[in-house]
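Commentary on secondary and tertiary structure
One letter stands for each residue in the lines below.
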There are 2 protein chains.
Amino acid sequence: MTEKYIYSYNEGDGKNKHLLGGKGANLCEMTQIGLNVPPGFVITTATCLIYLDDPNRALPEGLMEGVKKHMQAVEKASGKNFGDPDNPLLVSVRSGSAMSMPGMMDTILNLGLNAQTLQGLIKQTGDERFSYDSYRRFIQLFGKVALDIADEHFDKQFETVKKRVGATADVDLSATELKEISELFLQVVRDKTGKPFPSNVYEQLEIAIKAVFNSWGGKRAVDYRREFNITPDMANGTAVNVVAMVFGNMGNDCATGVGFTRNPGTGENEMYGEYLVNAQGEDVVAGTRTPKPVQEMEKEMPELYKQLVDLRNKLEGHYHEVQDYEYTIEKGLLYCLQTRNGKMNAAAMVRTSVEMVNEGLISKDQALLRVNPEQLEQLLHPRLDPNHNAEPLAQGLSASPGAAYGKCVFDADRAEVLGRAGEKVILVREETKPEDIHGFFASQGILTSRGGKTSHAAVVARSMGKACVAGAEGIAVDTRARQARIGDQVLHEGDIITIDGSSGNVYLGELPTIEPEFSEELKTLLGWADEVAQLKVMANADTPEEALRAVEYGAMGIGLCRTERMFNDVERLPIVVDMILANTPEARQTALDKLLPIQRGDFKDVFKTMSPRPVTVRLLDPPLHEFLPTEMQLTEEIENLRQLRGTLKGVANVLNTLRVSQPNPNDLPTPLPVPFDEMGEERVNEIIAKKERMLRKVRELYEVNPMLGHRGVRLGITYPEIYTMQIRAILEAAAECVKEGIDVHPEIMVPQVTTSQELKCVKKTVDATQQQVEAAYGIKLKFEFGTMIEVVRACMRATQLAKVAEFFSFGTNDLSQATFSFSREDAENKFLPLYNETGILQDNPFEVLDVKGVGQLMNMTVEWGRKSRHGLKVGICGEQGGHPSSIRFCHHIGLDYVSCSAPRVPIARLAAALAKLQEDKYSVD
Amino acid sequence: MTEKYIYSYNEGDGKNKHLLGGKGANLCEMTQIGLNVPPGFVITTATCLIYLDDPNRALPEGLMEGVKKHMQAVEKASGKNFGDPDNPLLVSVRSGSAMSMPGMMDTILNLGLNAQTLQGLIKQTGDERFSYDSYRRFIQLFGKVALDIADEHFDKQFETVKKRVGATADVDLSATELKEISELFLQVVRDKTGKPFPSNVYEQLEIAIKAVFNSWGGKRAVDYRREFNITPDMANGTAVNVVAMVFGNMGNDCATGVGFTRNPGTGENEMYGEYLVNAQGEDVVAGTRTPKPVQEMEKEMPELYKQLVDLRNKLEGHYHEVQDYEYTIEKGLLYCLQTRNGKMNAAAMVRTSVEMVNEGLISKDQALLRVNPEQLEQLLHPRLDPNHNAEPLAQGLSASPGAAYGKCVFDADRAEVLGRAGEKVILVREETKPEDIHGFFASQGILTSRGGKTSHAAVVARSMGKACVAGAEGIAVDTRARQARIGDQVLHEGDIITIDGSSGNVYLGELPTIEPEFSEELKTLLGWADEVAQLKVMANADTPEEALRAVEYGAMGIGLCRTERMFNDVERLPIVVDMILANTPEARQTALDKLLPIQRGDFKDVFKTMSPRPVTVRLLDPPLHEFLPTEMQLTEEIENLRQLRGTLKGVANVLNTLRVSQPNPNDLPTPLPVPFDEMGEERVNEIIAKKERMLRKVRELYEVNPMLGHRGVRLGITYPEIYTMQIRAILEAAAECVKEGIDVHPEIMVPQVTTSQELKCVKKTVDATQQQVEAAYGIKLKFEFGTMIEVVRACMRATQLAKVAEFFSFGTNDLSQATFSFSREDAENKFLPLYNETGILQDNPFEVLDVKGVGQLMNMTVEWGRKSRHGLKVGICGEQGGHPSSIRFCHHIGLDYVSCSAPRVPIARLAAALAKLQEDKYSVD
């Protein structure tokens with residue numbers, strides 16, 4: 001069987017990214033839709049796998065013959081010949097897998113140059129300087145990629161010559177100097193490999209193809225795939241593209257550039273990109289020269305600008321997606337070298353989504369599917385408070401929006417170490433390279449002193465949603481000394497700085513930030529999401545202020561209002577403590593009578609704010625000892641008070657002695673300290689007695705496992721007065737709203753339920769209170785009564801519980817703890833990190849819903865609950881309720897709503913829509 | 001529709017206990033099999049319900065007409081007429097429901113007497129004394145039962161007359177005196193009811209029938225049914241038996257008695273019972289006169305004794321069950337008044353079961369079904385050490401075997417209060433009555449000063465398996481003064497006594513007891529059980545000693561051997577502490593190297609003891625801090641050591657001062673205290689340093705919820721050295737046994753598993769160690785590798801786990817805690833008692849398996865586990881594994897074995913057999 005290893009761009013299937021890689025497929029597609037693409041061909045990813053599987057690492061038989069055949073076609077199309085000393089064809093050899101892995105694999109340019117073809121190139125172009133420049137570039141790149149010689153060996157030679165002749169930029173070097181550099185580079189290769197630089201062009205090509213294949217298995221690429229969870233079914237092997245070189249560095253009618261079809265930072269529908277005149281592409285990407293914004297091309301090269309605008313329109317018209325493209329202008333002719341879907345930050349994704357729908361390019365569903373819900377979190381990142389008044393330390397380009405602060409670190413390894421230790425860090429580099437990628441993951445933000453908005457640092461930071469300021473040229477980074485100099489200011493490692501990726505400013509210290517606001521586009525998009533989604537999105541909110549915030553984020557109600565949060569207020573806590581210390585039901589009632597109007601007021605405010613949306617109020621959940629100080633605190637306080645009493649008594653004794661020994665008051669020190677009389681001692685004794693009472697109660701309430709202790713409905717049943725007060729407060733608040741004509745939908749939710757008997761017990765109080773309140777206010781109340789499902793037994797008894805409860809709400813925080821028998825507080829400190837690291841558990845189950853265990857329980861619960869109550873309303877109010885993959889699962893098992901913290905609401909709304917749109921593709925295990 | 005309310009004994013269906021009550025059905029059956037039963041009829045339980053449902057409490061229309069018709073039949077059969085002043089018929093009116101509720105409902109005797117018929121009775125019998133005696137009995141009983149007049153009003157009159165004439169026993173009273181008493185009694189009725197005693201005999205009968213019906217709903221009966229879980233489907237309403245009176249008190253050729261067809265205390269196949277000459281039945285049951293053993297009748301009334309033996313033989317021959325029967329001899333003719341299945345203690349149940357099989361009366365299955373497994377616990381109760389040498393304080397009858405000690409209390413209410421407070425109490429009464437029933441539940445044992453082996457106290461105590469000494473006449477109980485007098489010894493409430501229900505002895509203080517031994521009959525019965533049962537019964541045993549005990553109790557292997565128990569030994573704990581304090585894996589290994597041979601030795605001993613039975617060893621489970629002192633302990637110890645150091649230094653200073661001021665050593669005190677030199681201080685400092693290290697480790701290991709913390713396999717994965725050592729110890733112990741030719745079947749069990757990844761991780765170590773051990777010993781090992789199922793997630797992942805585990809063992813202690821989210825330690829102190837009291841939970845789920853919640857999980861787990869491993873072995877090793885109803889459930893869901901504490905093994909073996917025999921009748925919810 002002879003497999004087809006090679007496809008010409010004229011024949012390859014533009015949709016088959018698996019076989020041809022993203023870049024190769026795109027080049028095929030671009031060629032076939034009539035864009036001006038340099039002639040070339042692609043060697044398949046399957047070939048790569050065959051090669052990598054071969055123990056001898058030999059290319060498949062016949063491959064190089066095929067390459068030669070295709071090279072002949074390229075020769076024909078370009079009118080040049082590979083290795084021809086008179087009219088040489090040069091090619092680039094590029095990697096390209098099914099998934100974009102920017103910068104992770106290798107590329108070689110200008111391949112085909114040797115001592116002979118170099119002369120041909122000079123003849124061909126009449127430009128000796130350009131030719132030697134290409135030659136030295138090729139030798140270095142080939143040396144690095146294919147022969148494994150570190151850049152620094154070449155850079156050293158290059159800088160020596162540059163310094164000697166006083167050149168500040170590469171373009172200042174003359175042909176002679178570049179020739180000298182080329183020869184020095186050839187010598188570097190000889191020195192480092194012990195062999196001369198390969199001069200046979202097909203030998204060069206073969207080595208290059210192998211080098212690109214090898215880079216698929218290189219550390220950088222493997223790390224990247226692991227970090228981004230790229231599995232073999234998503235991308236397996238890299239293709240190799242062999243493309244005729246076009247030159248952006250043949251003079252001032254040449255240029256090279258990169259662009260996005262829309263602004264990837266803001267999403268604005270405008271020409272966006274940068275270019276460099278008389279340069280090769282790598283100069284733009286690597287950030288070694290700071291390029292010009294594409295807008296300047298309109299003046300500088302108006303004809304070419306028109307070609308560029310045309311290219312951009314063709315790309316979006318074909319792909320219906322924002323494109324990230326590369327081009328080169330050789331002697332006035334624009335070649336498109338590459339295009340791919342543009343990586344954008346969340347704001348840009350949202351804006352382009354909405355605008356592309358409005359332009360008729362895509363449908364609303366497509367618009368929603370473009371945006372990754374987690375990405376929206378970027379939009380919810382803090383920004384700098386505009387009133388901060390701080391003077392910037394330095395200024396760079398706004399390469400990725402958002403504000404971030406942290407300790408300066410000057411290399412990626414260090415960033416990783418500190419980041420893992422829990423420090424917030426800002427990675428500060430002259431420029432970043434793909435090998436810095438682990439430092440990005442560990443940092444809050446990135447600051448570079450060189451490179452533009454499409455530099456490596458900018459592209460990667462944007463894709464990660466991390467703040468980035470690029471090309472802050474005022475900063476001189478000294479990696480070895482672990483410091484940076486800005487004027488005469490020195491930043492040491494560990495100094496805290498703030499970067500504002502939206503303005504490009506850099507500040508010393510930590511600056512105040514403000515919450516982001518919603519853009520109109522985001523509102524539009526989320527509106528579409530709400531139309532599509534089946535799941536409703538509620539917020540967890542405990543106070544009127546939080547309720548307001550929830551509404552702003554688009555919450556459709558409150559799914560969890562924790563009443564105990566209302567207890568934890570400076571003015572209220574003492575009443576709660578009195579309630580707990582009460583030794584009789586009567587004393588407890590007295591304290592509860594004081595709490596009733598307070599809770600009623602809170603509920604009324606929350607109900608009003610949310611009207612007409614539903615508000616689910618959870619009755620008291622935490623164990624009572626949570627409202628008291630700890631045993632340690634109290635013991636210490638009592639000890640201190642006793643010492644104080646002793647000291648005060650001592651002072652009083654001294655004073656008495658003085659009084660006795662100095663009967664003349666004038667001899668006493670002035671002012672005389674207030675004596676510690678019996679009144680004072682009595683007061684201290686009283687305080688000590690109260691603290692001692694608290695200490696006794698704390699000891700009485702002590703629990704071995706508070707997570708599994710006397711809390712929730714267990715409290716409600718042992719101290720029925722507490723729940724009675726809360727139920728009354730809820731129903732009276734609702735009644736007052738009804739009286740005022742406000743449409744309210746309260747729901748009473750019972751926590752920690754294990755058996756329907758508990759629910760029935762609370763329901764009795766609810767029924768009785770309802771009758772009383774309705775009679776007192778002369779109105780009818782509409783509300784629902786339901787239960788948390790956070791105890792495993794409640795899952796098992798769902799059919800019984802649903803006979804009493806009108807709704808279920810999964811408390812997946814507690815349910816996950818009970819299902820795993822992991823105490824979250826203990827697990828996250830003791831063994832969970834190791835479990836995640838060694839892959840015993842994929843995720844932290846307290847962040848991402850464990851669908852295989854906890855989810856399995858939930859699934860059964862929903863089914864069983866709806867057996868006895870058709871259409872039972874079921875939601876989730878655990879932390880995982882705001883996590884997209886968890887939301888997808890919740891949709892899958894037919895929940896009615898998710899409830900999460902207010903800032904996660906927008907993410908959840910989008911995720912809910914996507915869960916619906918992608919439901920056919922979902923499966924567990 | 002006219003329902004049939006009444007059945008004559010000649011026609012009623014002897015099997016229909018639901019309709020006719022146990023007693024009525026039996027009387028029908030006895031009549032129809034030709035026993036001499038007084039003529040009579042039974043009014044159905046259905047009639048009772050109609051009556052109780054009637055808001056006016058009127059008897060159904062036509063009932064009394066039916067009664068009259070049947071009375072005419074009785075008149076015919078007896079040759080006497082109801083209400084006839086010349087030849088009066090007297091009847092008894094007796095309750096009787098489908099379930100035996102001894103003494104809980106009312107009975108009236110001698111009904112039909114009035115001023116006229118009394119004269120007829122005198123004429124009839126020519127015995128004035130007997131007639132007045134019957135009359136006064138009837139008035140009192142009718143007054144109490146039907147007219148609600150307390151006994152004491154009658155008793156007062158009775159005692160006054162008795163005292164006046166100097167009579168010590170009732171039989172000492174003359175006709176005149178009894179006549180006087182009758183008249184006084186009639187006056188009592190007039191005084192208390194404001195009306196004369198009803199003289200119309202049918203009016204009497206109607207009132208009596210209603211009174212018996214009413215007693216079904218009385219407090220005593222309702223309490224009894226609740227306590228013994230008698231539900232309406234088991235017994236609903238009481239029947240009323242109207243039976244012609246026969247008289248045991250018509251002279252010395254009359255008698256009354258009760259008997260068991262075999263000895264209910266020992267099970268011995270012998271005549272058993274008591275009788276009283278010239279007495280009515282109530283005299284025997286109420287214990288007001290102490291009756292004679294039936295053996296004396298053989299001499300006293302040889303002809304009647306033969307009739308009695310004949311009766312007994314007919315009863316067992318017919319019922320194939322030990323019978324508890326009542327009889328009366330009237331003028332030399334034996335009437336059988338009642339028979340029912342005899343309540344016996346466990347020893348008697350076991351012995352009669354085995355002997356009845358041997359006699360061909362019942363089958364082996366029937367023998368097993370007769371015995372309630374929980375009852376066997378009686379046989380496992382401690383007995384008095386025969387070498388105790390204590391002198392008995394008093395002696396009574398051995399009414400219910402077993403020894404018990406506790407604080408004396410003299411009334412049932414007080415017993416209940418103290419019993420609930422957790423005190424061990426002995427209820428001491430003159431005699432007990434049905435209203436004392438709550439005191440029985442609360443007491444360890446019962447002691448009465450009056451009544452025999454068939455007195456209320458004796459019957460009830462035996463049915464409860466509580467020790468009872470009855471009729472200890474030397475004790476004078478003074479309930480009001482809360483004391484009892486024995487000679488000149490006074491027992492006050494709260495004094496501790498020991499009673500021996502097997503010998504009838506009563507002792508002051510707490511006496512030493514010994515463990516019971518297995519009777520041959522029990523061994524036989526349990527052997528039959530093992531043949532029938534599907535479930536195997538294993539024991540939880542941790543040491544070689546416990547293993548030996550398990551074998552004695554008939555365990556078929558060890559289902560749970562907790563290795564950490566081996567750590568908790570005075571010599572071993574310091575090594576374990578060193579292991580925990582180790583700061584490096586090497587230091588930890590050093591300690592583990594010391595533990596290895598110790599554990600190996602333990603395992604070898606256990607394996608040998610159990611050979612060839614399987615032994616399941618659980619790897620380390622508890623969190624490490626359990627092996628260290630508490631923070632509080634350590635803080636205190638360190639503080640004490642510091643103070644000690646200060647004191648010792650102070651002493652040293654004083655000594656030094658002495659030395660300096662008294663240069664002449666002879667002036668120093670002798671002997672001179674050892675000075676606290678630097679060596680001593682250094683030693684104290686070292687100890688303090690070590691304690692401080694422990695304290696730091698304790699704080700480091702602190703967990704908020706240790707039940708859900710760093711334990712089980714989580715420890716095994718974070719400190720792999722520990723499990724590696726244990727696995728090696730198990731496999732080397734097995735290898736040594738194999739070398740010695742001993743057949744061993746070890747099983748390695750991993751605790752706290754939540755995911756199959758954990759199991760795989762441990763399995764790797766097992767595989768590697770197996771290879772090493774097999775190579776080192778030159779043998780092949782046979783063992784199994786399995787997992788505890790005690791984490792809910794493990795249930796959910798059963799299919800995956802069963803791919804790695806060769807067996808499952810449910811750890812229902814932890815699984816129940818996780819399923820309920822109840823921490824056992826906290827729940828049992830804080831809210832579980834209230835939950836059980838108010839019926840929110842039926843049982844304590846840590847004692848009785850919660851089949852609806854935890855059981856549901858288990859059921860799914862078994863099914864899912866066997867999906868991936870056909871025939872997967874599954875067992876249970878939680879505490880509930882020894883509880884009969886839990887065992888029944890385990891059989892139902894197809895477990896292979898239960899494992900429980902050794903003393904529960906016999907109970908579990910029988911329960912396992914019953915689970916099989918009764919499997920068709922089982923259902924959950």
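Residues numbered from 1 in each chain as written. Chains lettered and ligands numbered in written order. Predicted model: local features only at pLDDT ≥ 70, side-chain atom pairs only at ≥ 80, totals over all residues. Heavy atoms only, no water.

1. Some details on the pairing of strand β24 (residues 505-508) of chain B
Residues and elements named next belong to chain B. Across two bridges, the pairing between strand β14 (residues 394-395) and β24 is antiparallel. Bridge assignment links Ala 394 to a residue of β24, and that residue is Val 506. By the bridge criterion, four bridges tie strand β23 (residues 496-500) to β24 in an arrangement that is antiparallel. Its bridge partner being in β24, Ile 499 is matched across the sheet by Val 506. Here β23 hands over to β24 after four residues, with Gly 504 in that stretch at a positive phi of 85°. (Pairing = 2+ DSSP bridges. Helix = DSSP H or I, 4+ residues; strand = E, 2+ residues; numbered from the N terminus.)

2. Things to note about the sheet that holds strand β6 (residues 107-111) of chain B
All names here are of chain B. The strand order across the open sheet built from five strands is β1-β2-β7-β5-β6, with neighbouring strands paired in antiparallel fashion. In the strand order of this sheet, the two ends are held by β1 (6-8) and β6, each with one partner. Averaged over all pairs of adjacent strands, the angle between strand axes in this sheet comes to 20°, irrespective of strand direction. Pairing of strand β2 (residues 40-43) with strand β7 (residues 238-244) involves four bridges; the strand directions are antiparallel. Bridging across to β7, Gly 40 finds its partner in Val 243. (Axes fitted to C-alpha atoms, helices over the stretch in contact; angles between N-to-C directions.)

3. Some remarks on the interface of chain B and chain A
Taken together, the contacts link 51 residues of chain B with 52 residues of chain A. Surface buried jointly by chain B and chain A totals about 4,400 Å² across both partners, of which 60% is contributed by carbon and sulfur atoms. Inspection of the chain B/chain A interface yields two salt bridges. The salt bridge involving A:Asp850 is made with B:Arg793; its shortest N-O contact spans 2.7 Å. Applying the counting criterion to the chain B and chain A interface returns 23 residue pairs in polar contact (both at pLDDT 80 or more). A per-class count over the side of chain B that touches chain A returns 23 nonpolar, 14 polar and 14 charged. (Contact = heavy atoms within 4.5 Å. Buried area = accessible area lost by both parts, 1.4 Å probe. Salt bridge = Lys/Arg side-chain N within 4 Å of Asp/Glu carboxyl O. Polar contact = N/O pair within 3.5 Å; in protein donor to acceptor, adjacent residues only side chain to side chain. Nonpolar A, V, L, I, M, F, W, Y, C, P; charged D, E, K, R; others polar.)

4. Let's talk about the packing of helix α2 (residues 45-53) of chain B against helix α8 (residues 201-215) of chain B
All names here are of chain B. Interhelical geometry of α2 versus α8 gives an angle of 85° and a closest axis separation of 10 Å. Classified by the interaxial angle, the pair formed by α2 and α8 is roughly perpendicular. Touching Thr 47, Cys 48, Tyr 51 and Leu 52 of α2 are Lys 210, Phe 213 and Asn 214, all from α8. Its residues placed into classes, the contact of α2 with α8 shows four nonpolar, two polar and one charged. (Parallel < 35°, antiparallel > 145°, perpendicular 65-115°, else oblique.)

5. What about helix α30 (residues 812-820) of chain A?
Residues spaced three or four apart along an α-helix face the same direction, because each turn holds 3.6 residues. Residues and elements named next belong to chain A. Of all nine residues making up α30, eight are buried, and the element is well covered by its neighbours. Along α30, the positions that sit buried rather than exposed are Thr 812, Asp 814, Leu 815, Ser 816, Gln 817, Ala 818, Thr 819 and Phe 820. A positive phi of about 55° marks Ser 821, the residue just after α30. (Buried < 20%, exposed > 50% of the residue type's maximum accessible area, 1.4 Å probe, protein only.)

6. Re the sheet that holds strand β20 (residues 475-478) of chain B
All names here are of chain B. Reading across the sheet, the three strands line up as β20-β21-β22 and stay open at both edges, with antiparallel pairing between neighbours. The outermost strands of the open sheet, each flanked by one partner alone, are β20 and β22 (489-492). Pairwise comparison of adjacent strand axes, ignoring direction, gives a mean angle of 20° for this sheet. Direction of pairing for strand β21 (residues 483-486) relative to β22: antiparallel, over a ladder of four bridges. Note that in β22 the partner of Ile 486 across the bridge is Gln 489.

7. What about the packing of aromatic side chains?
All names here are of chain A. According to the stated counting rule, one finds 34 aromatic pairs over all chains in the structure shown. Ring plane angle 35° and centroid distance 5.5 Å describe the contact between Tyr 51 and Phe 213, whose orientation is recorded as tilted. Linking Tyr 51 in helix α2 (residues 45-53) with Phe 213 in helix α8 (residues 201-215), this pair joins segments that are 162 residues apart in sequence. Of the two residues, Tyr 51 and Phe 213, neither departs from the other in class, the shared state being buried. Chaining the aromatic ring pairs together yields one cluster made of Phe 820, Phe 822, Phe 831 and Tyr 835. The ring of Tyr 7 carries the charged tip of Lys 4 above its face, separated from the ring centre by 4.9 Å. If you follow Lys 873 out to its NZ or CZ, it ends over the ring of Phe 807, 5.6 Å from the centre. (Phe/Tyr/Trp six-rings, centres within 6.5 Å; stacked < 30°, edge-to-face > 60°. Lys NZ or Arg CZ within 6 Å of the ring centre and 35° of its normal.)

8. Focus on the confidence of the model for chain A
Across chain A, the average pLDDT comes to 89, with 95% of residues at or above 70. Overall fold confidence for the complex sits at a pTM of 0.75, while the interface term, ipTM, reaches 0.74. (pLDDT = per-residue confidence, 0-100.)

9. Re the relation of the copies chain B and chain A
Expressed as a screw transformation, the operator carrying chain B onto chain A has a rotation angle of 178° and an axial translation of 0.3 Å, and the superposed copies differ by an RMSD of 0.4 Å. What the rotation and shift describe, once combined, is the action of a two-fold rotation axis. It is B:Asn705 whose C-alpha, among those of chain B, lies nearest the rotation axis, at 2.0 Å. Comparing contact sets, 100% of the residues at the interface of chain B also lie at the interface in chain A, consistent with an isologous, same-surface contact. (Least-squares fit on C-alpha atoms with pLDDT ≥ 70 in both.)

10. Thoughts on the pattern of salt bridges
Residues and elements named next belong to chain A. In the structure shown here, the tally under the stated rule is 103 salt bridges over all chains. In this structure, Glu 159 engages Lys 162 in a salt bridge whose closest nitrogen and oxygen atoms are separated by 4.0 Å. Taken together, the residues span about one helical turn, with Glu 159 and Lys 162 both in helix α6 (residues 151-165) at a distance of three residues. Judged by its relative accessible area of 43%, Glu 159 falls in the partly exposed class. Ionic pairing is found between Arg 600 and Glu 732, a salt bridge with its closest N-O pair at 2.4 Å. One end of the pair, Arg 600, is in helix α22 (residues 585-610); the other, Glu 732, is in helix α26 (residues 720-739), with 132 residues separating them in the sequence. Judged on exposure class, the residue Arg 600 and its partner Glu 732 are both buried. Here the salt bridges share partners, and the residues they tie into one network are Arg 600, Lys 604, Lys 608, Arg 728, Glu 732, Glu 736 and Glu 740.

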